[in-house]
Amino acid sequence: MGKKFTVCIGNFDGVHLGHRKIMSETLKLSRKLNVCSTALSIMYPWGYYFPNFPGLIYTIAKRVELILSLGIKNVVTVDIEEIKDIEPEEYILALINQGMVGLVVGEDFTFGKGARGNTELLRELSRKLKFELVIVPHLKRDGRKISSSWIRELLAQGKIELANELLGSPYTISGKVYQDNRLGTKLGFPTANISRGIEKVVTPRSGVYIVKSIIGSRLYYGLLNIGFRPTVNFSKEIKYEVYFLDFSGDLYGKRLEIELLKFLRPELKFASIDELVHAIRRDERIARKWVSKLDSQVV
Ligand SMILES: Cc1cc2nc3c(=O)[nH]c(=O)nc-3n(C[C@H](O)[C@H](O)[C@H](O)COP(=O)(O)O)c2cc1C
Ligand SMILES: Nc1ncnc2c1ncn2[C@@H]1O[C@H](COP(=O)(O)OP(=O)(O)O)[C@@H](O)[C@H]1O
């Protein structure tokens with residue numbers, strides 16, 4: 001048997017407040033038992049999701065990074081195909097044989113063959129096999145269970161402030177900056193175009209957002225446009241472009257992580273480029289006001 005550990009099990013997409021509660025309980029149990037903590041994150045292939053599944057909240061790399069940032073020592077990913085036909089008792093025994101001494105799950109957790117492994121069975125097994133069990137009740141907001149699917153819905157609706165609150169930290173998009181057709185500079189608003197990579201992640205509502213990001217070691221606010229820029233030339237794929245306030249320099253090839261803070265307006269098809277420039281100037285004024293208000297609140 002290897003080193004002893006506690007484990008929390010779940011899908012953990014988004015690592016939202018509900019997940020964070022599970023992880024803080026895992027850390028508490030680890031301290032009590034003086035052992036290491038592990039998160040077991042279950043992966044589902046696309047076939048498992050419903051037909052119009054909008055994508056994961058975060059990439060797997062970001063999920064792992066967030067879990068580790070909470071203080072969990074190890075993150076293990078397990079493909080659902082590997083465990084779905086295992087008898088629940090057998091799965092728990094396998095974990096115990098690897099050193100598990102404590103288990104933390106949410107109240108609706110099920111696992112193993114026919115989803116027979118529920119919290120009732122876990123209670124029975126914890127007595128029989130002598131491991132500690134913590135079942136974490138659902139965290140709620142306005143009477144509704146905080147869930148990854150609710151957050152996906154909020155992102156698709158542009159309700160970024162509530163999504164951020166339920167996530168426990170601002171939603172981010174990240175990727176490398178690529179070169180486009182350089183029209184932004186000509187219009188007076190250079191925009192860093194971000195490629196989010198190939199993992200299917202949720203697309204927030206198209207439109208203009210106030211954002212912030214660290215470039216080098218400095219914090220910059222900016223305006224992010226998510227959309228197809230119908231005024232200039234309708235792009236086939238969705239674009240993510242950020243115009244940073246008070247920044248100048250070359251960002252091509254750099255990897256950026258952008259925090260979405262506030263939704264300003266939907267993307268519009270303007271009758272002319274002049275009107276588009278006018279609208280972006282207005283967005284900038286609103287963003288500057290919003291940022292200075294925010295800064296004056298921070299002491
Ligand atoms: C703050 C902001 C708001 C924008 N809003 C719109 C919009 O409402 N409609 C639109 O067609 N394009 C919009 N755009 C996209 C611009 O058309 C695009 O950034 C410009 O064409 C530059 O493209 P480039 O990256 O190829 O240089 C917006 C861009 C920014 C930065
Ligand atoms: N304030 C700024 N915000 C965003 N990008 C900037 C800024 N200042 C300079 N840049 C640089 O300019 C590039 C964007 O210029 P732009 O003319 O819109 O070209 P492209 O069409 O290639 O995106 C960015 O990728 C970045 O390297």
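For the structure itself, look to the data block above.
This text gives an overview of the structure that appears in the document. This structure is a prediction, so every number in the text was calculated from the model and none was measured.

Rules and cut-offs
- Residues numbered from 1 in each chain as written.
- Chains lettered and ligands numbered in written order.
- Predicted model: local features only at pLDDT ≥ 70, side-chain atom pairs only at ≥ 80, totals over all residues.
- Heavy atoms only, no water.
- Pairing = 2+ DSSP bridges.
- Helix = DSSP H or I, 4+ residues; strand = E, 2+ residues; numbered from the N terminus.
- Axes fitted to C-alpha atoms, helices over the stretch in contact; angles between N-to-C directions.
- Near = heavy atom within 4 Å.
- Polar contact = N/O pair within 3.5 Å; in protein donor to acceptor, adjacent residues only side chain to side chain.
- Nonpolar A, V, L, I, M, F, W, Y, C, P; charged D, E, K, R; others polar.
- Core = buried A, V, L, I, M, F, W, Y, C linked by side-chain atoms within 4.5 Å.
- Buried < 20%, exposed > 50% of the residue type's maximum accessible area, 1.4 Å probe, protein only.
- Domains from an automatic or database assignment.
- Contact = heavy atoms within 4.5 Å.
- Arc of directions from axis to C-beta.
- Phe/Tyr/Trp six-rings, centres within 6.5 Å; stacked < 30°, edge-to-face > 60°.

### Some remarks on the sheet that holds strand β5 (residues 132-136)
One open sheet holds the five strands; their spatial order is β3-β2-β1-β4-β5, and the pairing between them is parallel. Since the sheet does not close on itself, it has two edges, and those belong to β3 (74-79) and β5, each with one partner. Adjacent strand axes in the sheet meet at a mean angle of 20°, parallel and antiparallel pairs treated alike. Bridge analysis of strand β2 (residues 36-43) against β3 gives six bridges, and the strand direction is parallel. Bridging across to β3, Ile42 finds its partner in Val78.

### What about the site of ligand 2?
In the vicinity of ligand 2 there are 20 residues, among which Asp180, Arg182, Thr185, Asn193 and Leu251 approach most closely. For ligand 2, an oxygen atom lies 2.5 Å from a polar atom in the side chain of Asn193. For ligand 2, an oxygen atom lies 2.6 Å from a polar atom in the backbone of Leu251. The set of elements that each furnish at least two residues to the shell around ligand 2 consists of α8 (183-187), β9 (192-195) and β12 (239-244). In terms of residue class, the shell around ligand 2 is made up of nine nonpolar, eight polar and three charged.

### Some words on the nonpolar core
Soluble globular proteins tend to bury their nonpolar side chains together. Tyr171, Leu224, Phe244, Leu256 and Leu260 are the most contacted members of the largest nonpolar core, which totals 45 residues. When residues are assigned to domains, this core turns out to be shared by domain 1 (5-145) and domain 2 (170-297), each giving three or more. Discounting chain neighbours no more than four positions away, the residues touching Leu224 are Ile173, Gly207, Val208, Tyr209, Val211, Tyr240, Glu241, Val242 and Leu260. One finds Ile42, Ile96, Phe111 and Phe131 within the second-largest nonpolar core, a separate group that totals 22 residues.

### Observations regarding helix α6 (residues 148-156)
Turning to α6, its buried residues are Ser148, Trp150, Ile151, Arg152, Leu154 and Leu155. Contacts from the buried residues of α6 go to α1 (17-33), β6 (140-141), β7 (144-145), α7 (160-167) and β10 (207-215). Once α6 ends, the next one or two residues include Gly158, with phi positive near 75°.

### Re α7
For α7, the complete set of buried residues consists of Ile160, Ala163, Asn164, Leu166 and Leu167. Down the axis of α7, the buried set is contained in an arc of 165°. They therefore lie on one face. The inward-facing, buried residues of α7 abut α1, β6, α6, β10 and β13 (255-265). Of the residues flanking the end of α7, it is Gly168, one or two places downstream, whose phi is positive at about 90°.

### Points about the packing of aromatic side chains
Geometrically, a pair of aromatic rings is defined through the distance of the ring centres and the angle of the planes. Applying the stated rule across the entire model yields seven aromatic pairs. Here the aromatic rings of Tyr91 and Phe111 are separated by 6.0 Å at their centres, their planes lie at 50°, and the arrangement is tilted. Placement of Tyr91 in helix α4 (residues 88-98) and of Phe111 in the loop between β4 (100-106) and α5 (119-129) is noted, with a sequence separation of 20 residues between them. Each member of the pair, Tyr91 together with Phe111, is buried. A centroid spacing of 5.1 Å and a plane angle of 90° characterise the contact between Phe189 and Tyr243, whose relative ring orientation is edge-to-face.

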